[in-house]
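Fold and geometry: a report
Here's the letter readout for the chains.
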Amino acid sequence: MAFDPSVYGRVAVLMGGTSAERPVSLRSGSAVHSALVSRGVNAVAIDVGNDIATRLASEHFDMAFIALHGRGGEDGSIQGLLEWMQIPYTGSGVLASALGMDKWRTKMVWSAAGLPTPAACLLDRNSQWPDVISKLNFNAIVKPAHEGSSIGMRRVHDAAQLQESFEFASQYDALVLAEQWITGREYTVAVLGDQVLSPIRLVTSHEFYDYEAKYEANDTQYLLPCGLEENKEAELKALVRSAFDVVGCRGWGRVDVMQDEDGKFWLLEVNTAPGMTDHSLVPMAARHAGLNFSDLVLTLLDEVRGR
């Protein structure tokens, strides 16, 4: 049967927003919009601002593709608005989006479900810095709980670095955690509907896969196939499936995982609205599975139509 782009109706591609990840979101949204238009879909690019509710109400949209990253777009806020306005949308619902955006509470849910995630402590201005860094074996990473793209993250080894990094991360978020550093290999694994795609191993010359390594460095390597033995890759994919489902995610997403020097996997975080440029990780894994970028975008819309 011939492809009929009219089945998607009028699609709002939501991008930009006001979070620290706005520049990345604009790139994702532009790529998605271009892909849809190239396939004949009636897609409208919308840079999300304070007037988004008014704009969605005044224009008729049959569905929304969420290409927003970070707070306001990946934390359940826009999902709640779309639910209220009865506009179907890509990705996870309100609860899973809000939970997945909160690294601390995601870790608590995974731990409660018996899934492996590194030890961590919440930080505040009254934290006993020597006690915290000792508990984390003098090797930790400090993270804003509600930011993505590695924004505000620093690796620390002593009490002074821990306190300084807390102050730095606090510029981005009121909730900051310190997580046990896992020495080993880093993987990211995309989920597309019922399928867990092939893991990608991330190799960087930086101390960790930070913002510069993701978006600016020329020497970051993305190994696909990832080099794991078949049984270990199957173990990793099963863990990712469980992690994704326990949070309540749907549609698509990406889970970041470390493998320590003993071969054990540790869950870091889940991304419910990952990057969507031609160079992003989910499209990379999809290409490996035989889906080009525009096919991937349409597959995500098809998942919405099939609910």
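Residues numbered from 1 in each chain as written. Predicted model: local features only at pLDDT ≥ 70, side-chain atom pairs only at ≥ 80, totals over all residues. Heavy atoms only, no water.

- The name given to the protein in an unreviewed UniProt entry is D-alanine--D-alanine ligase, and the organism recorded there is Parathalassolituus penaei.
- In its Pathway (unreviewed entry) section, UniProt records this for the protein: "Cell wall biogenesis; peptidoglycan biosynthesis."
- Per UniProt, the comment on the protein under Subcellular location (unreviewed entry) is "Cytoplasm". (UniProt positions renumbered as here; feature names shortened; annotations may be inferred.)

**Some words on empty space enclosed by the protein**
- Scanning the entire structure with this criterion turns up two cavities of 30 Å³ or more.
- If you add up the space inside the second largest cavity, you get close to 40 Å³.
- Lining the second largest cavity, in full, are Ile66, Gln79, Thr90, Gly91, Ser92, Ser97, Trp252, Thr272 and Ala273.
- Partitioned by chemical class, the residues of the lining of the second largest cavity number three nonpolar, six polar and no charged. (1 Å grid on protein atoms, 1.4 Å probe; cavity = no way out; pocket = protein on both sides within 12 Å on 5 of 7 lines; lining within 4 Å. Points joined across faces, edges and corners; volume = space filled by probe spheres on them. Nonpolar A, V, L, I, M, F, W, Y, C, P; charged D, E, K, R; others polar.)

**Side note on the sheet that holds strand S6 (residues 154-156)**
- Taken in spatial order, the four strands make up an open sheet running S4-S7-S5-S6, and their pairing is antiparallel. At either margin of the open sheet sits one strand with a lone partner, and together these are strand S4 (120-123) and S6. Averaged over all neighbouring strand pairs, the angle between strand axes comes to 30 degrees, with direction disregarded.
- Sheet strands touched by helix H7 (residues 159-169): S4, strand S5 (140-144), S6 and strand S7 (176-180). Its angle to S6, the strand with the most contacts, is close to 165 degrees. (Pairing = 2+ DSSP bridges. Helix = DSSP H or I, 4+ residues; strand = E, 2+ residues; numbered from the N terminus. Axes fitted to C-alpha atoms, helices over the stretch in contact; angles between N-to-C directions. Contact = heavy atoms within 4.5 Å.)

**Overview of the packing of helix H5 (residues 103-112) against helix H9 (residues 230-247)**
- At a minimum axis separation of 10 Å, H5 and H9 run at an interaxial angle of 115 degrees. The orientation of H5 with respect to H9, classified from their angle, is roughly perpendicular. For the element pair H5 and H9, the recorded crossing hand is right-handed. Residues Thr106, Val109 and Trp110 of H5 lie in contact with H9, whose contacting residues are Ala243, Val246 and Val247.
- A per-class count over the contact of H5 with H9 returns five nonpolar, one polar and no charged. (Parallel < 35°, antiparallel > 145°, perpendicular 65-115°, else oblique. Left-handed = near helix turned anticlockwise from the far one by under 90°.)

**A look at unusual backbone geometry**
- Following Leu224, the chain continues into Pro225 via a peptide bond in cis, with omega recorded as 5 degrees.
- Mapped onto the fold, Pro225 is located in the loop between strand S11 (221-223) and H9.
- In this structure, Gln86 is a non-glycine residue whose phi angle is positive, near 60 degrees.
- Among the secondary structure elements, Gln86 is positioned in the loop between helix H3 (77-84) and helix H4 (94-101).
- A relative accessible area of 73% means that Gln86 is categorised as exposed. (Buried < 20%, exposed > 50% of the residue type's maximum accessible area, 1.4 Å probe, protein only.)

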